[in-house]
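Listed below are the residues making up each chain.
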Amino acid sequence: MIAAVLVWAVYRLLRETLSRLSHRFLRLPLRTGLFANFERTKFLRAHIPEDKLRNSAIRVIMTATDIEHASGRFFSNAPVEVLLSDPGVQEAFVRREVEQPPDLVQAAVASSSYTFAYEAVPMEGRLWTDGGIITNEPILPALRLGADVLFLVLLAPLEGNDDSGAIKTFLDVGVHAVDILISKNFKSDIALLNNINGLCSVYAAELGVKPEQLELEIGRQRYRFVKAFSIAPQSPLPAQALDFDGEIIAPVIVQGYKDATKVILEFLEYEAARPARESRRVVHLSAERMEGNFRLTTPG
């Protein structure tokens, strides 16, 4: 009886210390991801000339997630002040959420560090992981940066239930949980884009012009028609996020090229008939009643 009391007393005395030691022991074999980023970083540095990327006239935006503060960030190859000179750019968005990182390759590694699969990337005092957690297909940022056309590259069919594949380990659970979050974010963004395009189409029909020729101004916000082209498989892919077998991946890559070729031909046909940006006019929408009923006015 006395021995049991002594054991209990010692346990109570050392409980917090034992708890800390056990947590530290359990974390020893674990990292923030299944794979380290060393080889990926080495490969990207060998194949991406950072000076050319930084000086390119093509705008490159990479999304990443600050996992410690649950916020997204958009890394640009161009300085913020240069982005602000582009047509259709929303200044408030760029100044608030876009930055040019000192190391563009490291930013690319952070942006592509698929959560659970790859380690989170420390950069500028913050810990970064895949931007897909916040915005896998950065539709809204593209709109705010003045895009007129979007190419959405997807790894799952546009329609039907998402096939999660076999779930056997805790890694499968984590990876598929991220996939669910990414899918929900994408569907929310694409629904918003469809609503904006639908509104532009309604007022374009009223004015007898094409939707691309209108920019709707509601209060301080402006909205325009943006054509989206989706490159997506017709059926669920045989490869999962953690599949690296060349025999599995190679046919998937080939199919991706075929799907992309078909969509690019559709884009070229659309581009040939798309009105010039210069033909666009602003339509001011002002509410006459609390319920809505907008009054249509055009500058003239």
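Just so we're clear, the structure is a prediction, and the values are computed from it rather than from any experiment.

Caption draft 1: Spatial organisation of the packing of aromatic side chains. According to the stated counting rule, one finds seven aromatic pairs in the structure shown. Here F35 and Y118 contribute two aromatic rings whose centre-to-centre distance is 5.9 Å and whose plane-to-plane angle is 50°, an arrangement assigned as tilted. On the criterion of sequence distance, the pair formed by F35 in strand β1 (residues 33-35) and Y118 in strand β5 (residues 116-118) is long-range, its members being 83 residues apart. Between F151 and F229, the aromatic rings sit 5.7 Å apart at their centres with planes inclined by 25°, giving stacked as the arrangement. Separated by 78 residues along the polypeptide, F151 in strand β8 (residues 149-153) and F229 in strand β11 (residues 227-231) bring together distant segments of the chain. The aromatic ring of Y118 is capped on one face by R40, whose charged end is 4.3 Å from the ring centroid. If you follow K227 out to its NZ or CZ, it ends over the ring of Y270, 5.7 Å from the centre.

Caption draft 2: Representation of the environment of R280 within the structure. Here R280 lies in the loop between α10 (246-273) and β12 (281-289). Along the primary structure R280 and E215 are separated by 65 residues, whereas in three dimensions their C-alpha atoms are 6.8 Å apart. Setting aside residues no more than four positions away along its own chain, R280 makes contact with D148, E212, Q213, L214, E215 and R224. Within the structure, the side chain of R280 is placed 3.0 Å from the side chain of D148, a separation counted as a polar contact. A polar side-chain atom of R280 sits 3.5 Å from the main-chain carbonyl oxygen of E212.

Caption draft 3: Quick peek at the nonpolar core. Ranked by size, the top nonpolar core spans 16 residues in total, and within it L216 and F229 carry the most contacts. The set of elements that each furnish at least two residues to this core consists of α9 (170-207), β9 (214-218), β11, α10 and β12. The residues contacting F229, other than those within four sequence positions of it, are V149, L150, F151, L152, V263, E266, F267 and Y270. If you look at the next biggest cluster of nonpolar residues, it comprises 14 residues, including L44, L53, A108 and W128.

Caption draft 4: Focus on the pairing of strand β3 (residues 71-76). As paired elements, strand β2 (residues 61-66) and β3 share six bridges and run antiparallel to each other. Opposite D66, over in β3, you have S71 as the bridge partner. Relative to strand β4 (residues 98-99), β3 is paired through two bridges, and the arrangement is parallel. Considered in β4, the bridge of F74 is made with V98.

Quick notes on the rules
- Residues numbered from 1 in each chain as written.
- Predicted model: local features only at pLDDT ≥ 70, side-chain atom pairs only at ≥ 80, totals over all residues.
- Heavy atoms only, no water.
- Phe/Tyr/Trp six-rings, centres within 6.5 Å; stacked < 30°, edge-to-face > 60°.
- Helix = DSSP H or I, 4+ residues; strand = E, 2+ residues; numbered from the N terminus.
- Lys NZ or Arg CZ within 6 Å of the ring centre and 35° of its normal.
- Contact = heavy atoms within 4.5 Å.
- Polar contact = N/O pair within 3.5 Å; in protein donor to acceptor, adjacent residues only side chain to side chain.
- Core = buried A, V, L, I, M, F, W, Y, C linked by side-chain atoms within 4.5 Å.
- Buried < 20%, exposed > 50% of the residue type's maximum accessible area, 1.4 Å probe, protein only.
- Pairing = 2+ DSSP bridges.

Note that every value here comes from positions in space, so none of it alone points to a role or purpose.
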